[in-house]
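Below, each chain spelled out in residue letters.
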Amino acid sequence: MTSIFDQQERASQRSKRPTPPTIRADISTTGFIHMKLQDDGPIFTKQKVNFSPSDKITHLVVSSNLIVIAMANNILLRIDMKHPDKPEDIDLSKYATNMKLSGLFLDPLGHHLLIALVSQTGETPLPELFYLHRKSTKPKQAGKFRGHEITAVGWNFLNSSEATSGPILLGTSKGLIFETEIALDGDKIFNTSLEQYWRQVFDIGKDSHPPITGLEFHRIPNTDRCIVIVTTLVRIYQYIGSVSSSDEKPLLQQIFSRYLNVKERFNQVESSLPYSKLQFYYPGPRQFPKLFGWLSETGILYAQVDPNVDPDNVLVNQQMIYCPETSLIGGSVSQTNSVATPPPTPLSFVLTEFHALLLYSDHVKGLCLLNKELIFEDIYNDAFGKLVNISKDPVTGSIWAFSERAVFKYKVTKEDRNVWQIYVDKGEFVLAKKYCKDNLAHVDHVLVKQAEMLFKNKEYEQSAIIYADTHSSFEEISLKFLQENQIEALKTFLKRKLQGLRPQDKTQETMIVIWVVELFMNQMGILRSDGTSQLHNPRYQELQKQFDSFLAIPKVEECIREHKSSIYDIMASHGNKDNLIRLTIMHHNYEEVIRQHLYKNNYLEALEVLKSQANKELFYQFAGVLLQELPKPTAAALISQGSLLKPSRLLPALVSYSNDEKHAKEIIRYLEFCIYKQNCQEQAIHNFLLSLYVRNKPDEVLRYISSQGQDIAMVPYDVHFALRLCQEAKLTKACVQLSALLGLWTTAVDLALTINVDLAKQIATMPTQSDDELRKKLWLKIAEHVVKERDDIQQAMEFLQQCNMIRIEDILPFFSDFVTIDHFKDTICNSLQEYNQHIQDLKEEMEEATKSAELIRKDIQAFRNRCTFVHARDTCNTCDVQLLLRSFYVFPCGHRFHSDCLVAALTPMLSMEQRTKLADLQRQLTTISAKQDDTTSIGLATLSTKDQIKADIDDLIASECLYCGELMIDSIDKPFIEEEDYERVMKEWA
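Residues numbered from 1 in each chain as written. Predicted model: local features only at pLDDT ≥ 70, side-chain atom pairs only at ≥ 80, totals over all residues. Heavy atoms only, no water.

Asks: Just to check I follow, could you spell out the overall build of the protein for this structure?
Replies: In terms of regular secondary structure, the protein is built from 34 helices and 33 strands. Here the protein holds 990 residues, and the buried ones make up 43% of them. The contacts in the protein between residues at least 6 apart in sequence include a share of 52% that link residues at least 24 apart. (Helix = DSSP H or I, 4+ residues; strand = E, 2+ residues; numbered from the N terminus. Buried < 20%, exposed > 50% of the residue type's maximum accessible area, 1.4 Å probe, protein only. Contact = heavy atoms within 4.5 Å.)

Below is the structure:
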């Protein structure tokens, strides 16, 4: 059941409600709906610990979830928060005779506790220091510190040992700093000292002996440097130095040594308080501190801890936070009652990442470190006594406050919830966005504020970039820049907005693209109207680069491709022909570009555009016009395209402009490239080239005809067409070649004889060797020409020696009747002698044939009487099975084969026709054999048919030995493994 005091405690807590950010109705409208499903609650909430102390609480320390509470009756209560139901009581009465507890110091791990005792009267006994291990309930005296009142301890945050504290620093009430290491040595039977070593390393106040109120040291991450922070009542000292070796003890004396003989450096404040408090904020367990705070009468000296800014000062961005004089009681801010009385100073405080909790005797205040604003106040009930102190667990971050009669725990809930807004008010927008986290509404508000500030500072370009990332009204932002005549900023804003559009926002995308193009065209038009050359105007060149970059954006390319006519109209209306052409090139609308160039008679530029693009259809479309105006460059351009163009599709353009010599020359050059380089075989191209040769280069006709070969089936041109052209142009030699190609041998020889006899002789040798009659006819025609036309008997006789197909008797009829035989005597004698020799050769051939026939008859007679012996042990040369088990064949060479083995081995060597015949004969033999089994009588006709079939099979398979015959010799170039079986055999062998 809740007590009346607990109800009063909850009612006494006041948290300042965060005011929502003011959002302007015009520009700052974000489109987000500001709605919370539940209240986040206060940042700090207090919970009373269910604990009733046996006496007044004087001290409380906490670390690693271990709490040690000291009471006025010299009882220590040690509570492990993991097992809060098992507290441990430790009685210090026998150690604290006439003494009182002055300080409790617990290390970050919670294993080592130092207990400082001082005299109650201030005289004797001397101050003492006791050590208590977490696993022990009996404190042990640190004898070497007897007589020194320990007021501060700098624990070793890097220590992870339970048995030893590691090197630590101890500060005294007289300004002395000692270094020691406390450990429990279990191997010693008589352990008279806890200190592994003990050394005074520094005297901070020299002769003044100021009490040390705070002491901490930390190693700077990833270095060998350490920092030591020491505070007194009015001063703060920093000692920074390197530690060369961790094995050298005392470890930290190396740092203080460099400050022994130098002038002291410190920060000092005015304070008449008998105390000051030092606190750090750690972002995580065992991490380097992030924030620093030091409480004095003046206020809290607050700084960030950064060792990278100044090697001699790690406390950067120092600022004094004055304790608030206001109160949140009643839900509103009110001034204290008496302005003449100075505000009370907090007894203690703790730091969180963004706040400080200030402890007074009867209340706790929460102060924001960023804007110094009071955001929390908690009034305590007098029933629990006065508040004594407030502590924070350096490992877990839990906060504990205690009064004389109660212990309280503070829970911190989303303390960074309003940090973004504070940073916005301070103008630190990067940090503001960081702490917005995933709240898009907050991020948008930060961006709007940042953009407004930049706009106000006339940083229009940066303002436009940030405005584009907000949900502010598009129209309002655009008008803002237009009113200030900031066209560049407006373009930046529009381009950034374009990048953020979704694929479905086609309408907005089109509007922005057209607007930006219009802005660019307008700017360029103004510069052109000034009369300055575009090439010598840096501003124009810069605008052109920006415009080109804009056109290269994928979204812009797609939009312009879909709305080409609108964009072209805008450019044309501004007279920007260069960009119009460039744009059409960028979007591959080369047809329009070429038309523009041709319209302005810029033929060379049109040809360059044609060559630079990849659409070959445009070559067929514009080749004729360009060929007419620029024949040589156009022909070169066509040649450069190589096989990418089809000459037949260019033929209409080529034919149209081939009438004059200048154009014909370039067309011939292109056609020769197609035929001789590209190996074009299209008949129309060859016919056209041949017609151009006949009209313009008749000397090339014969070379061309010769280059295409003498096989009429293979020549690519129309021979009849070529012959007609040559006849019309009276190119006799070409007609001779074409007539011979057509097989018009007589015509060819007749035409050749009109030129010279040698050409006729060449034509006469061209018919095939098998057509002797034709060749003889052609030679007789030439001989007749020689005899009749030239009447040269001597040349006729020489002609007979050149051709062995014609005899003297063949040409005698061509001579006149007045020619005497004396002119032919030698020739006739040679002819008779040749006849006699031929008759003698025939006689010798007949005698050799008679002898060969006689030998063959003898061999046949001998084979009729030849036999061979087959033994029972003889085997088939193919299957190695006894030969006599099945029907077989024996060859004169001695090889023996079963009939079926021979057929199986011989079949792959037979031709397809022979295989088919063999299969048919075997099928017939099987059919006849089956009929013989079904009948008892055997007809002579049946036996005759069967024998004939067997004889036919023998002719196919037994005409020669499988191993010694020609079939084996013919198969020597066949592979052992057939190609279709190669993969299978390889797998079997693998």
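Having put the structure on the table, let's press on.
Asks: Sorry if this is basic, but what is going on with the sheet that holds strand 12 (residues 168-172) here?
Replies: As a general point, the strands of a sheet are linked pairwise by backbone hydrogen bonds and lie either parallel or antiparallel. The antiparallel open sheet is built from four strands, whose spatial order is 11-12-13-14. One side of each edge strand has no neighbouring strand; the edge strands of this open sheet are strand 11 (150-154) and strand 14 (195-203). Across the sheet, the axes of successive neighbouring strands diverge by a mean angle of 25 degrees, strand direction being ignored. Both strand 12 and strand 13 (residues 176-182) contribute to a ladder of four bridges, which runs antiparallel. (Pairing = 2+ DSSP bridges. Axes fitted to C-alpha atoms, helices over the stretch in contact; angles between N-to-C directions.)

Asks: Where do I start with a negative patch on the surface in this structure?
Replies: Taken together, the side chains of Asp 841, Glu 844, Glu 845, Glu 847 and Glu 848 make up a negatively charged region of the molecular surface. Among the structural elements, Glu 845 can be located in helix 29 (residues 825-864). (Patch = residues over 30% accessible without salt bridge, like charges linked within 9 Å, V, L, I, M, F, W, Y side chains within 5 Å. Areas by Shrake-Rupley, 256 points an atom, 1.4 Å probe, with all protein chains shown as cover. Salt bridge = Lys/Arg side-chain N within 4 Å of Asp/Glu carboxyl O. Lys, Arg positive; Asp, Glu negative; His and termini not counted. Charge placed at Lys NZ, Arg CZ, Asp CG, Glu CD.)

Asks: Which parts of the structure should I look at to understand helix 14 (residues 590-599)?
Replies: Residues Tyr 590, Val 593, Ile 594, His 597 and Leu 598 constitute the buried set of helix 14. Across the axial projection of helix 14, the buried residues extend over an arc of 130 degrees, all falling on one side. Close packing links the buried residues of helix 14 with helix 13 (577-586), helix 15 (603-612) and helix 16 (617-629). One or two residues past the end of helix 14 sits Asn 601, with phi positive at roughly 60 degrees. (Arc of directions from axis to C-beta.)

Asks: Quick question: what am I supposed to make of the packing of aromatic side chains here?
Replies: Any two aromatic rings considered together are summarised by their centre-to-centre distance and by the angle between their planes. Within the structure shown, the criterion is met by 31 aromatic pairs. Relative to Phe 266, the ring of Tyr 237 lies with its centre 5.5 Å away and its plane at 55 degrees, an arrangement referred to as tilted. Within this pair, whereas Tyr 237 is found in strand 17 (residues 235-242), its partner Phe 266 is found in strand 18 (residues 266-268), the two being separated by 29 residues in sequence. Note on Phe 891 and Phe 897: the rings are 6.0 Å apart at their centroids and 70 degrees apart in plane angle, and the pair reads as edge-to-face. (Phe/Tyr/Trp six-rings, centres within 6.5 Å; stacked < 30°, edge-to-face > 60°.)

Asks: Quick question: what am I supposed to make of the pattern of salt bridges here?
Replies: Side chains that carry opposite charge are capable of pairing whenever their charged atoms lie near each other. For the coordinates displayed, the defined rule picks out 26 salt bridges. The salt bridge partner of Glu 558 is Lys 506, with a shortest N-O separation of 3.2 Å. Linking Glu 558 in helix 11 (residues 554-562) with Lys 506 in helix 9 (residues 506-529), this pair joins segments that are 52 residues apart in sequence. Using a relative accessible area of 33% as the deciding quantity, one classes Lys 506 as partly exposed. Within this structure, Glu 488, Lys 491 and Arg 539 form a network of salt bridges that share partners.

Asks: Quick question: what am I supposed to make of the side chain of Arg 78 here?
Replies: Within the secondary structure, Arg 78 is located in strand 5 (residues 75-80). Note on Arg 78: relative accessible area 4%, which makes it buried. Looking at Arg 78, its side chain comes within polar contact range of the main-chain oxygen of His 133, at 3.0 Å. Looking at Arg 78, its side chain comes within polar contact range of the main-chain oxygen of Arg 134, at 3.2 Å. Not counting residues within four places of it along the chain, the set of residues in contact with Arg 78 comprises Leu 66, Ile 67, Val 68, Pro 87, Glu 88, Ile 90, Leu 132, His 133, Arg 134, Ser 136 and Thr 137. (Polar contact = N/O pair within 3.5 Å; in protein donor to acceptor, adjacent residues only side chain to side chain.)

Asks: How do you make sense of the environment of Leu 251 when you look at a structure like this?
Replies: By the element assignment, Leu 251 lies in the loop between strand 17 and helix 2 (253-257). The spacing of Leu 251 and Gly 166 is 85 residues in sequence and 9.9 Å in space, taken between C-alpha atoms. Once you skip the residues sitting within four places of it in the chain, Leu 251 turns out to touch Pro 167, Glu 179, Tyr 197, Val 243, Ser 245 and Ser 246.

Asks: Explain the packing of helix 24 (residues 745-753) against helix 25 (residues 757-764) here, please?
Replies: Each pair of packed helices can be described by the angle between their axes along with the distance between the axes. Packing of helix 24 against helix 25 leaves a shortest axis separation of 7 Å and a crossing angle of 160 degrees. Between helix 24 and helix 25, the angle falls in the class roughly antiparallel. Here helix 24 and helix 25 pass one another in a crossing that is right-handed. Of helix 25, the residues touching helix 24 (which contributes Trp 745, Ala 748, Val 749, Ala 752 and Leu 753) are Val 757, Leu 759, Ala 760 and Ile 763. Its residues assigned to classes, the contact of helix 24 with helix 25 comprises nine nonpolar, no polar and no charged. (Parallel < 35°, antiparallel > 145°, perpendicular 65-115°, else oblique. Left-handed = near helix turned anticlockwise from the far one by under 90°. Nonpolar A, V, L, I, M, F, W, Y, C, P; charged D, E, K, R; others polar.)

Asks: Help me out: how do you make sense of unusual backbone geometry in this one?
Replies: Residues apart from glycine generally show negative phi values, whereas peptide bonds are mostly found in trans. One non-glycine residue with positive phi stands out, namely His 209, at about 55 degrees. Notably, Lys 414 is not glycine yet its phi reads approximately 45 degrees, a positive angle. Checked against the element boundaries, Lys 414 lands in the loop between strand 31 (407-412) and helix 3 (419-426).

Asks: Sorry, what's going on with the sheet that holds strand 21 (residues 300-310) here?
Replies: Read from one edge of the open sheet, four strands run 19-20-21-22, paired in antiparallel fashion. Each edge of the open sheet is held by one strand with a lone partner, namely strand 19 (277-281) and strand 22 (313-321). Between one strand axis and the next, the sheet turns by 25 degrees as a mean value, whatever way the strands run. Alignment of strand 21 against strand 22, held across six bridges, turns out to be antiparallel. By the bridge assignment, Asp 310 is partnered in strand 22 with Asn 313.

Asks: So what exactly am I meant to see when it comes to the side chain of His 355 here?
Replies: For His 355, the position within the fold is in strand 26 (residues 355-359). Accessibility expressed as a relative area gives 4% for His 355, which makes it buried. Residues contacting His 355, with those up to four places away along its chain left out, are Ile 43, Phe 44, Val 350, Leu 367, Cys 368, Leu 369, Ile 375 and Glu 415.

Asks: Any chance you could explain the confidence of the model for the protein here in plain terms?
Replies: Predicted coordinates in areas of low pLDDT are best not read in detail. On average, residues of the protein score 83 in pLDDT, and 85% of them are at 70 or above. Here residues 23-30 is modelled with pLDDT under 50, and outside its nearest four sequence neighbours on either side it reaches 23 contacts, counting other chains as well. Throughout residues 186-191 the model reports pLDDT below 50, and contacts reaching past four residues in sequence, or to other chains, amount to one contact. (pLDDT = per-residue confidence, 0-100.)

Asks: Is there a simple way to explain the pairing of strand 15 (residues 214-219) in this structure?
Replies: Note on strand geometry: in a regular strand, side chains alternate between the two faces of the sheet. Taken across its six residues, strand 15 has five buried, putting it largely inside the fold. Between the antiparallel neighbours strand 15 and strand 16 (residues 225-231) lie five residues, among them Asn 222 with a positive phi of about 60 degrees.

Asks: It is not clear to me how the environment of His 871 should be interpreted in this structure. Could you clarify?
Replies: Its location among the elements puts His 871 in the loop between helix 29 and strand 32 (888-890). Look at His 871 and you get partly exposed, because its relative accessible area is 38%. Considered as a pair, His 871 and Gln 882 are 11 residues apart in the sequence and their alpha carbons are 9.5 Å apart.

Asks: Before we go on, may I ask you to explain helix 25 in this structure?
Replies: Within an α-helix, residues lying three or four positions from one another point in the same direction, as the helix has 3.6 residues per turn. Of all eight residues making up helix 25, six are buried, and the element is well covered by its neighbours. If you check which residues of helix 25 are buried, you get Val 757, Leu 759, Ala 760, Lys 761, Ile 763 and Ala 764.

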